[in-house]
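Fold and contact review
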Amino acid sequence: MARRLQTRDMLRALALSVALLLPGLAAAQDCARLAAEAGAEAGLPEGLLPAISLVEAGRGTGNGGIAPWPWTLNQGGKGMYFDTREEALAYLKQAVAEGVTNIDVGCMQLNWKWHSAGFATPEDMIDPTRNTRYAARFMVELYNRLGSWETAAAAYHSTNPERGRNYLQKVMAARDSFQLSPLGPTEDGAGEAAVLLVAIPAQLDGILAHPGNPLVALASAPPADGWEGDTPFDDVPQTPSD
């Protein structure tokens, strides 16, 4: 019993140390972890929503990796990464006050023009939990309208067939790049396992890594983001259009 408690305390201490020493990783972990949880609750294929978050809000971690960053905004194709929630929120509020509507927000880069009505305040829209849960519900709506998760993922970005196809390829590449490294659960099974995120642009054997399924024809649906800018996975080879 003493050994179990000691092990549990060590795991908690390690998780706390990571949060204290690597606040950027802890914040980035929130986007991927929350997207995974929201996707699972909504019935999305495992790893799909975190992959979309990585493509939409991926930011270099400083050690050669990429991770989704919650304090990301994109105004008219100009991506911006803020160090803190307060900085990102201040910019968002100012932009909205000036009449800007083409601005994408947070972990899932939800476009203000199309999706702000789903949130009570800018604070709610940029909140990682609310942002990812909304995106999960929106993906379910797209799936119900379009008939497949592949088409829904493509339409999340664009209803244009070629752009949607290329975007889907990036999402599938991102899906294959995730690895979640568990720090638990504890030996006595109590509590939830602590999890660290490792996201790098390479093939990994992580628990979220799955091959993509064939692309089917796109149908009309509203996109979640409102721009056609670059993503961290733009070097993924693209299938020529017919």
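The sections below set out a description of the structure shown in this document. (Residues numbered from 1 in each chain as written. Predicted model: local features only at pLDDT ≥ 70, side-chain atom pairs only at ≥ 80, totals over all residues. Heavy atoms only, no water.)

The subject of this paragraph is the pattern of salt bridges. For the structure shown, the criterion picks out seven salt bridges. The shortest N-O distance in the salt bridge between Arg-85 and Glu-86 comes to 4.0 Å. Its relative accessible area of 52% is what places Glu-86 among the exposed residues. Each of Asp-30, Arg-33 and Glu-37 takes part in salt bridges that share partners, so that together they form one network. (Salt bridge = Lys/Arg side-chain N within 4 Å of Asp/Glu carboxyl O. Buried < 20%, exposed > 50% of the residue type's maximum accessible area, 1.4 Å probe, protein only.)

It is worth spelling out the packing of helix H3 (residues 48-57) against helix H8 (residues 149-157) at this point. Each pair of packed helices can be described by the angle between their axes along with the distance between the axes. Where H3 contacts H8, the axes come no closer than 12 Å and their chain directions differ by 25°. Comparing their axes, H8 and H3 come out roughly parallel. Every pair of crossing elements has a handedness; the one defined by H3 and H8 is right-handed. For the pair formed by H3 and H8, the contact residues are Leu-48, Ile-52 and Glu-56 on the first element and Trp-149, Ala-153, Tyr-156 and His-157 on the second. A class-by-class count of the residues in the contact of H3 with H8 yields five nonpolar, one polar and one charged. (Axes fitted to C-alpha atoms, helices over the stretch in contact; angles between N-to-C directions. Helix = DSSP H or I, 4+ residues; strand = E, 2+ residues; numbered from the N terminus. Parallel < 35°, antiparallel > 145°, perpendicular 65-115°, else oblique. Left-handed = near helix turned anticlockwise from the far one by under 90°. Contact = heavy atoms within 4.5 Å. Nonpolar A, V, L, I, M, F, W, Y, C, P; charged D, E, K, R; others polar.)

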